[in-house]
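What follows is each chain in one-letter form.
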Amino acid sequence: MLPTPIQQEAIPLILGGGDVLGAAETGTGKTGAFGIPIIQLIHENLTASAAPSDAAKNKADTPQIRMSMEDREALFNVDG
C-alpha cells in the first residue's frame, strides 16, 4: 500500500523532529500520517533503551509527542 499525499509530506517531517499541522478531507490518511511516525519513534526509543550502552542516554533527547484525543482514539480503533 502506498502512502497518501498527506502521509508522504507529514511522515518525513515528523520523523525528522519537525512540527506538522495538516488539514485534509476525511479518509485521506491524516491519522496514519501522525500515528505511523509516533509508533516508529516509540519503537526506536524502546529499542535504544534496551541496549546496555544507551542506559545513560539523556532524557532531553527523547522526542515529545502530543495528539488530540480524537486522533488517539481513531489510531487505536482498528476495524477489520
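Placed above this text is the structure.
Residues numbered from 1 in each chain as written. Predicted model: local features only at pLDDT ≥ 70, side-chain atom pairs only at ≥ 80, totals over all residues. Heavy atoms only, no water.

Trainee: Tell me about the overall build of the protein, and name the residues and values.
Mentor: A tally of helices and strands in the protein yields 3 helices and 0 strands. Across the 80 residues that make up the protein, the buried fraction comes to 16%. Summarising the internal contacts of the protein: among those between residues at least 6 apart in sequence, 41% fall at separations of at least 24. Total accessible area on the protein is roughly 6,400 Å²; 57% of this is exposed by carbon and sulfur atoms. (Helix = DSSP H or I, 4+ residues; strand = E, 2+ residues; numbered from the N terminus. Buried < 20%, exposed > 50% of the residue type's maximum accessible area, 1.4 Å probe, protein only. Contact = heavy atoms within 4.5 Å. Areas by Shrake-Rupley, 256 points an atom, 1.4 Å probe, with all protein chains shown as cover.)

Trainee: Run through helix 2 (residues 30-50), naming residues and quoting values.
Mentor: Counted at 1.5 Å a residue, the expected span for helix 2 with its 21 residues is 30 Å, and the 31 Å between its end C-alpha atoms agrees. All of the buried residues in helix 2 are G32, A33, G35, P37, I38, L41 and A48. (Expected span 1.5 Å × (residues − 1).)

Trainee: Residue-level account of helix 1 (residues 5-15), with values.
Mentor: Among all positions in helix 1, only I6, Q7, A10, I11 and I14 are buried. Down the axis of helix 1, the buried set is contained in an arc of 105°. They therefore lie on one face. Exposed side chains of helix 1 directed beyond 90 degrees from the buried face belong to P5 and E9. Two residues or fewer after helix 1 comes G17, characterised by a positive phi angle close to 90°. (Arc of directions from axis to C-beta.)

Trainee: Report on the side chain of Q7, specifying residues and quantitative values.
Mentor: Note on placement: Q7 falls in helix 1. Every residue in contact with Q7, bar those within four places of it in the chain, is listed here: P12, G29, G32 and A33.

Trainee: An account of the packing of helix 1 against helix 2 is needed here, citing residue identities and associated values.
Mentor: The N-to-C vectors of helix 1 and helix 2 enclose an angle of 30°; their axes lie 9 Å apart at closest approach. Taken together, the axis directions place helix 1 and helix 2 in an arrangement best described as roughly parallel. The two elements helix 1 and helix 2 meet at a crossing, and its hand is right-handed. Of helix 2, the residues touching helix 1 (which contributes I6, Q7, A10, I11, I14 and L15) are K30, G32, A33, F34, I36, P37, Q40 and L41. (Axes fitted to C-alpha atoms, helices over the stretch in contact; angles between N-to-C directions. Parallel < 35°, antiparallel > 145°, perpendicular 65-115°, else oblique. Left-handed = near helix turned anticlockwise from the far one by under 90°.)

Note that all results are geometric; they support no functional claim without further evidence.
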